[in-house]
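As a plain string of letters, each chain reads:
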Amino acid sequence: MTIGDVSRETGLPSKTLRYYEDIGLVRPHRLDNGYRTYDPADLERLRFLKRARSLGFTIEECRSLIDLQDNPNRSNAEVRRLALAHIEALDHKIGELAALRQALEETVSLCTGDGGPDCAILEDLASDQSRLDLPGCLSQRAAVPSRS
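Anyway, here's the lowdown on the structure attached to this text.

**Quick word on helix α5 (residues 76–109)**
Compared with an ideal rise of 1.5 Å per residue, which puts 34 residues at 50 Å, α5 spans 49 Å between its outermost C-alpha atoms and is within 8% of the ideal. Every buried residue of α5 is accounted for by Leu82, His86, Glu96, Leu100, Ala103 and Thr107.

What follows is the structure, given as C-alpha cells:
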C-alpha cells in the first residue's frame, strides 16, 4: 500500500505517517524510486498507534507499548503498569483542569458583561496576582507546547 492508501485506510494524515517513520515507530519498505510501501503489519501497527494516541498515550509511551507488543516474552504486568501510570497522569491532568476551570469561573463571575469597556477578565489576566496563576498547573505549561 502507498502512503495515500494507508492514510485513507487509517485516517492518519500523510504527515503523521512520515513523522512516525522519522522517529522509528514504523518502517515502511522503500522502493527504488523512494516511494514508501506499507504491508499489513505496518497497517496494524498504525491502527494500534492511532488508538493509543487517541487514549492520550505519549509517543514514548506508545514506543514502550509497541516494544511490549513485539516481545513474545512480555509480561502483561508491565503493560498493566504502563496503563495504570497513564491513568494516574490523566487523573492529575483532570484535577489541574478542574482547578483551572474553577479559577476561570471565579474570574468570569466578576465580569458584569454590561457592554462597558471595563473588563474584570482582562484585568485579571494582566494582573501579577491573577486567579488563573495556579502553581504547577497546566497554565504554566501552556506557553510551551509539548511534542510528545
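**Examining the packing of helix α1 (residues 3–10) against helix α3 (residues 40–54)**
Axes are the key here: two packed helices are described by the angle between their axes and the distance separating the axes. For the pair α1 and α3, the least separation of the axes is 10 Å and the interaxial angle reads 45°. Between α1 and α3, the angle falls in the class oblique. Note that α1 runs across α3; the crossing there is right-handed. Between α1, through Val6, Glu9 and Thr10, and α3, the contact on the second element is made entirely by Leu43, Leu46, Arg47 and Lys50. Class assignment of the residues belonging to the contact of α1 with α3 gives a composition of three nonpolar, one polar and three charged.

**Observations regarding α1**
Every buried residue belonging to α1 is among Ile3, Val6, Ser7 and Thr10, and all of these are buried. Taken end-on, α1 shows its buried residues confined to a sector of 105°, consistent with a single buried face. For α1, the secondary structure elements touched by its buried residues are α2 (14–22), β2 (36–37) and α3. Phi turns positive, to about 80°, at Gly11, one or two residues after α1.

**Quick look at the pattern of salt bridges**
Across all of its chains, the model carries eight salt bridges by this definition. Residue Glu9 is joined to Arg47 by a salt bridge in which the shortest nitrogen-to-oxygen separation is 2.8 Å. Taken together, the positions of Glu9 in helix α1 and Arg47 in helix α3 put the pair 38 residues apart, joining distant regions of the chain. Two residues, Asp70 and Arg45, come together in a salt bridge whose shortest N-O distance is 2.4 Å. Of this pair, Asp70 sits in helix α4 (residues 59–70) while Arg45 sits in helix α3, and the two are 25 residues apart along the sequence. Bridged by salt links that share partners, the residues Glu21, Arg30 and Arg36 form one connected network.

About the cut-offs
Residues numbered from 1 in each chain as written. Predicted model: local features only at pLDDT ≥ 70, side-chain atom pairs only at ≥ 80, totals over all residues. Heavy atoms only, no water. Helix = DSSP H or I, 4+ residues; strand = E, 2+ residues; numbered from the N terminus. Expected span 1.5 Å × (residues − 1). Buried < 20%, exposed > 50% of the residue type's maximum accessible area, 1.4 Å probe, protein only. Axes fitted to C-alpha atoms, helices over the stretch in contact; angles between N-to-C directions. Parallel < 35°, antiparallel > 145°, perpendicular 65-115°, else oblique. Left-handed = near helix turned anticlockwise from the far one by under 90°. Contact = heavy atoms within 4.5 Å. Nonpolar A, V, L, I, M, F, W, Y, C, P; charged D, E, K, R; others polar. Arc of directions from axis to C-beta. Salt bridge = Lys/Arg side-chain N within 4 Å of Asp/Glu carboxyl O.

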